[in-house]
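Chain and residue survey
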Amino acid sequence: MSAKKMVYLQPIPIRIWHWVNALGIVTLIISGAQIRFPEAITILGSYKTAIQVHNVAGLIVAVFLAWWLVYYKMVRNSLDDIYIPNEEDIKHGIVRQLLYYCFWYFVGRPSPFHAMPDSKFNPMQKAAYLVVMFMLVPLVVLTGILLMNVTPLRVLILMSGGIKIIDTLHFLVACSLFAFLFTHVYLATLGATPLAYFKPMIFGWEEVEDHDEEHHEEAHQEGEPQTGFRPVRHYPEHPAHPQA
Ligand code: HEM
C-alpha cells in the first residue's frame, strides 16, 4: 500500500515561462492565421493590427525562450537530465508509456510513471518536449525574426536560400506547433483527475504516490537507474502536507 505525498515539481520561473509562452503561442497562431488567410480570418481587425500583434507576441516568446534556457541550464543546471531521454526511456519507457496512453488508461490502470523534481517527465513527454523546446520553438523564433527583414540580418536570409524558403519553413513549423498544442492539452488532462497535471503548473505542487521505504532501499541497493519509475529520493515538504 502506498500513501500520497506532495512534491514541489514546478518552480515559479518555469510556471511564469510556461503560461506566458502558452499565451504567446496561441496569440501567434491566431494572428498568424489572419496574416496567412486575410480574406477568411479577420478576428484581430485590420491586417496591420494582426502583423503588429504577431510581431509583439513573437518577441515575447523569443525573450521567454531565453528565460527558460537560462533558468534550466545556468540557474538549475538540470536541462539535460529533465529533457533528454535516457537509455531506459528509449529501450522500455516510451513503449510502456504509449501502452498506458492507448490502453491501460482506458481500463483504469495507474500511470507507470511517477513524477519527481529531477525526473518530472515521463519518457513520451521527454521525447515530445525535446523536439518542441529544442527544435520547433527555436526554429519558429529564428525564422520569425528573419521574416521581420531587418537590415543587419538580410545576409542570413540570402545564405539560407531566400525569403520564400524561410517563410515556408516558418509556416510548416508553426503548423507543427499547432498540432502539438492539441495533443499536449489532451494528454495534460490524463492525470488521476482531468486537472491533476494542471495544478502543479499553476501552484507548483503535485500529489504523488509515496512508495514504501523498503522498496526505495531495495532499488537503491540493486543499483537501478533513478528514473521516474522508481522514486528513491526525498523532496521538500508541502507546508500543508508534511511527509511522515
Ligand atoms: C493553452 C495552452 C497550454 C496548456 C493548457 C498547457 C498545459 C500544460 C500542463 C498542464 C503542463 C504540465 C503537465 C505536463 O508536463 O504535461 C504543461 C507542461 C509543459 N508545456 Fe504546456 N500547455 C499549453 C501550451 C504549451 C505550449 C504552446 C508549449 C510549447 C510550445 C508548451 C510546452 C510545455 C512544456 C515544455 C512543458 C513542461 C515544462 C517544464 O516542466 O519544464 N505548453 N503544459
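Within an unreviewed UniProt entry, the label attached to the protein reads Cytochrome b, and the organism entered is Geomonas silvestris. For the record of the protein, the UniProt heading Sequence similarities (unreviewed entry) holds the text "Belongs to the HupC/HyaC/HydC family."

**Digging into the packing of helix H1 (residues 12-36) against helix H7 (residues 163-187)**
Contact pair H1 / H7: the axes reach a minimum separation of 11 Å and the direction vectors enclose 125 degrees. Regarding the angle of H1 to H7, the classification is oblique. Regarding H1 and H7, the two cross each other, and that crossing is left-handed. In this structure, H1 contributes His 18, Ile 25, Val 26, Ile 29 and Arg 36 to the contact, and H7 contributes Asp 167, Phe 171, Leu 177, Phe 178, Leu 181 and His 184. Of the residues assigned to the contact of H1 with H7, the class counts are 7 nonpolar, 2 polar and 2 charged.

**Things to note about the nonpolar core**
Membership of the largest hydrophobic core comes to 27 residues, with the highest contact counts inside it found for Trp 68, Tyr 72, Tyr 83, Met 133 and Val 137. Going through the elements one at a time, H1, helix H2 (47-75), helix H3 (79-83), helix H5 (123-147) and H7 are the ones with two or more residues in this core. At 8 residues, H2 tops the list of elements feeding residues into this core. Aside from chain neighbours lying at most four places away, what touches Met 133 is Trp 17, Leu 65, Trp 68, Tyr 83 and Pro 138. The next biggest cluster of nonpolar side chains, apart from the first, holds 5 residues, and it includes Val 7, Leu 9, Phe 113 and Val 208.

**So, the packing of aromatic side chains**
Tallied over the entire structure, the rule returns 18 aromatic pairs. Ring centres of Tyr 8 and Trp 205 lie 5.1 Å apart, and the angle between their planes is 55 degrees; this geometry places the pair in the tilted category. Taken together, the residues Tyr 8 in strand S1 (residues 3-8) and Trp 205 in strand S2 (residues 205-210) connect sequence positions 197 residues apart. We classify Tyr 8 as partly exposed; its relative accessible area is 27%.

**Side note on the side chain of Ser 111**
Mapped onto the elements, Ser 111 comes out in the loop between helix H4 (87-102) and H5. Ser 111 sits in the buried class, given a relative accessible area of 15%. Discounting chain neighbours no more than four positions away, the residues touching Ser 111 are Gln 97 and Tyr 100.

**Considering the site of the ligand**
Neighbouring the ligand are 26 residues; His 18, Tyr 72, Tyr 83, Tyr 129 and His 184 lie closest to it. Tyr 72 has a polar side-chain atom sitting 2.5 Å from an oxygen atom of the ligand. Lys 120 is positioned such that a nitrogen or oxygen atom in its side chain is 2.9 Å from an oxygen atom of the ligand. Listed by contribution, the elements that provide at least two residues to the shell around the ligand are H1, H5, H7 and helix H8 (198-203). No other element matches H1, which puts 7 residues into the shell around the ligand. Residues of the shell around the ligand, tallied by class, amount to 20 nonpolar, 5 polar and 1 charged.

Parameters at a glance
Residues numbered from 1 in each chain as written. Predicted model: local features only at pLDDT ≥ 70, side-chain atom pairs only at ≥ 80, totals over all residues. Heavy atoms only, no water. UniProt positions renumbered as here; feature names shortened; annotations may be inferred. Axes fitted to C-alpha atoms, helices over the stretch in contact; angles between N-to-C directions. Helix = DSSP H or I, 4+ residues; strand = E, 2+ residues; numbered from the N terminus. Parallel < 35°, antiparallel > 145°, perpendicular 65-115°, else oblique. Left-handed = near helix turned anticlockwise from the far one by under 90°. Contact = heavy atoms within 4.5 Å. Nonpolar A, V, L, I, M, F, W, Y, C, P; charged D, E, K, R; others polar. Core = buried A, V, L, I, M, F, W, Y, C linked by side-chain atoms within 4.5 Å. Buried < 20%, exposed > 50% of the residue type's maximum accessible area, 1.4 Å probe, protein only. Phe/Tyr/Trp six-rings, centres within 6.5 Å; stacked < 30°, edge-to-face > 60°. Near = heavy atom within 4 Å. Polar contact = N/O pair within 3.5 Å; in protein donor to acceptor, adjacent residues only side chain to side chain.

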